[in-house]
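These are the residues of each chain, in order.
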Amino acid sequence: MSPALLAYALGAMRRRAGRNVAIALGLAVVVLAFATVLFTSEGLRAMSQAYAAEAPSLTVERLVAGRASLVDVADAARIAPIPSVRSVTPRVWGYLYLAALEANVTIVSSRSVTTLEQAPLEDGDALFGSDVARALGLRAGDRVAVSVANSSGDEVPVPRFVRVRSVLDPSSALLAGDLVVVNETTARELLDVPTDRATDFVVDVFPPEESSIVSADIVDALSGTRVIDRESLGRSFELTFDARAGLLSATLVPALLALLLLAWERLTGLSDEERREIGVLKAIGWSTSDVLSARLLEAGLVAAFGSVLGLVLAYLHAFVLGAPLLAPALFGWSNVRPALVIAPATDPVELLMLLAAIVVPFAGISIVPAWRAANVDPDRLLR
Amino acid sequence: MPSFARDRLRALAVVASCVAVIVVAIALDARARTLRGRALREQNAAIVRVTGLSDLALSTSSTWLRHPSLAPASAGASDAPLGLDVDPAGAVIARRGHERAIELQRQAP
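Structural notes, computed from the coordinates. (Residues numbered from 1 in each chain as written. Chains lettered and ligands numbered in written order. Predicted model: local features only at pLDDT ≥ 70, side-chain atom pairs only at ≥ 80, totals over all residues. Heavy atoms only, no water.)

Interaxial distance between helix 1 (residues 3-15) of chain A and helix 1 (residues 3-51) of chain B falls to 9 Å at its minimum, and their mutual angle equals 80 degrees. As summarised for this structure, helix 1 of chain A and helix 1 of chain B are arranged roughly perpendicular, according to the angle between their axes. Side by side, helix 1 of chain A and helix 1 of chain B meet where Pro3, Leu6, Ala7, Tyr8, Leu10 and Gly11 of chain A of the first sit next to Ala5, Arg8, Leu9 and Leu12 of chain B of the second. Looking at side-chain class alone, the contact of helix 1 of chain A with helix 1 of chain B contains eight nonpolar, one polar and one charged residues. (Axes fitted to C-alpha atoms, helices over the stretch in contact; angles between N-to-C directions. Helix = DSSP H or I, 4+ residues; strand = E, 2+ residues; numbered from the N terminus. Parallel < 35°, antiparallel > 145°, perpendicular 65-115°, else oblique. Contact = heavy atoms within 4.5 Å. Nonpolar A, V, L, I, M, F, W, Y, C, P; charged D, E, K, R; others polar.)

So, in structure tokens, the structure goes:
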């Protein structure tokens, strides 16, 4: 590539500044949209995979009439003797609708919160997720009344006071923003779960490779159960994010096609001035390949500027601003929403493929009209 | 090379340098965020170990999104019976067992 060609391309860019700026901005918007989807979905995927790796080896739930139902705590004794099962823990958790919030929160029992640097939870104590605490205006030490449905026959809900032991760190909001962690007794009271029932069993298997065998043994021992292993959990998240990101990208394809159509329309209609310019270049001895190179350089510079601008905006949008334009499409309906704080986890190869998918067709369509004009006799171009 | 061409190349070099600085700054910021994100994930993994719930809190009132792995396949439809089917593929974890073998049995009259 000669510097003279590059200098000529820069001059041509300046002469057609309005058109080039419009096309670069269009390209930047399309790259912004696609790259935001890529950045966000990859960030969420990395986060969910990391957390799924910490999930229990197996989760056993009972299905009745196709719906998850409470398990019988006594059934734990039928799972415990299976070889490779290290522990079976009945877990009490579920959703509680808070009328004050007009939203569900997730109540989950924990026997030990010492790994969270907390003393064991007493009855009525709770660790609140940061989003629930913020929505209810709660701080450590506050007491909040929760209306609890009661299966004992009372017609009106019973108020139950819960004391805020502490609020979980806001950095955990995407994982635990809507959680209320309590001890088992309080969870049973809030969720109205009898003492001989639990939501599901958490089974710890060692070695982990035995999970599928243990899973089959559990289904044999307890008919009508669904056993979810850690790998299925990871795959489930992967499919969910793939489906959502794919759907979002598919909705953006018309925008890309519209941009290419616009660029084609703008670039194929060479003006008389451009035809004359190519004619002069050919007349003073430029070869067809020189004309094409200059044209490709001009298109390449416009595409590079638009792509970099789009990528920078996408980065700021996804990681600095929390993807405010995309989050509503990713989040379901709820009044309690965590801020979308994600870390970059995009493979550079994927990013290059995305850019290639947008920039290569753009550069391609910009060469065609120049190639057609450059092959015409200069005498005809100058007339 | 004429002076106007040199001026153009000089201007391009200035713009390219600015873009390079921005790209390097973003790459450094991305690296810092990645490391911070990894540290936070390790710190927050303790919550998963305590609760056993690894699902992201992307939604609290759409149970098929909050805990897609533990929700029945029809949860999306049951939360909003007249709504469109949401994430039908991602949210399904089938039961495994001998049911299929049992249900494939046929008996002649």
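Our next topic: the packing of aromatic side chains. Residues and elements named next belong to chain A. Following the criterion strictly, the structure yields four aromatic pairs over all chains and no others. Geometrically, the ring pair formed by tyrosine 8 and tryptophan 286 is edge-to-face, given 5.1 Å between the ring centres and 65 degrees between the ring planes. With tyrosine 8 in helix 1 and tryptophan 286 in the loop between helix 9 (272-283) and helix 10 (288-320), this residue pair connects regions lying 278 residues apart in the sequence. Classification of tyrosine 8 by relative accessible area gives buried; the value is 17%. The class for tryptophan 286 is partly exposed, based on a relative accessible area of 22%. On the basis of an interplanar angle of 85 degrees and a centroid distance of 5.9 Å, the ring pair of tryptophan 93 and tyrosine 95 is categorised as edge-to-face. Through successive ring pairs, a cluster of aromatic residues spans Phe39, Tyr315 and Phe319. (Phe/Tyr/Trp six-rings, centres within 6.5 Å; stacked < 30°, edge-to-face > 60°. Buried < 20%, exposed > 50% of the residue type's maximum accessible area, 1.4 Å probe, protein only.)

This part takes up the pairing of strand 7 (residues 125-128) of chain A. Residues and elements named next belong to chain A. Burial along strand 7 is two-sided: Asp125 and Leu127 and Ala126 and Phe128, pointing in opposite directions, are all buried. Where strand 7 and strand 9 (residues 158-167) come together, four bridges link them in parallel fashion. Paired with alanine 126 across the strands is valine 164, a residue of strand 9. (Pairing = 2+ DSSP bridges.)

Before going further, it helps to spend a moment on the pattern of salt bridges. Under the counting rule described, the total for this entry stands at 19 salt bridges over all chains. Here arginine 10 of chain B and aspartate 7 of chain B are joined by a salt bridge, their closest N and O atoms 3.3 Å apart. Of this pair, arginine 10 of chain B and aspartate 7 of chain B are both found in helix 1, three residues apart, which corresponds to roughly one turn of the helix. For arginine 33 of chain B, the salt bridge is made with aspartate 29 of chain B, and the minimal N-O distance between the two is 2.7 Å. Here aspartate 29 of chain B and arginine 33 of chain B lie together in helix 1, a separation of four residues that amounts to about one turn. Linked by salt bridges that have partners in common, Arg15, Arg16, Glu277 and Glu298 of chain A make up one network. (Salt bridge = Lys/Arg side-chain N within 4 Å of Asp/Glu carboxyl O.)

This part is about the sheet that holds strand 6 (residues 103-109) of chain A. Residues and elements named next belong to chain A. Strand order across the open sheet formed by six strands is 5-6-10-7-9-8, with mixed pairing between neighbours. Of all the strands in the sheet, the pair left with one neighbour each is strand 5 (93-98) and strand 8 (143-148). Pairwise comparison of adjacent strand axes, ignoring direction, gives a mean angle of 40 degrees for this sheet. As paired elements, strand 7 and strand 10 (residues 179-182) share three bridges and run antiparallel to each other. Bridging across to strand 10, leucine 127 finds its partner in valine 181.

A few words now on a nonpolar patch on the surface. All names here are of chain A. Nonpolar side chains collect at one region of the surface, where Leu313, Leu316, Val320 and Leu321 lie side by side and expose about 340 Å² of accessible area between them. On the secondary structure map, valine 320 appears in helix 10. What makes valine 320 partly exposed here is its relative accessible area of 45%. (Patch = residues over 30% accessible without salt bridge, like charges linked within 9 Å, V, L, I, M, F, W, Y side chains within 5 Å. Areas by Shrake-Rupley, 256 points an atom, 1.4 Å probe, with all protein chains shown as cover.)

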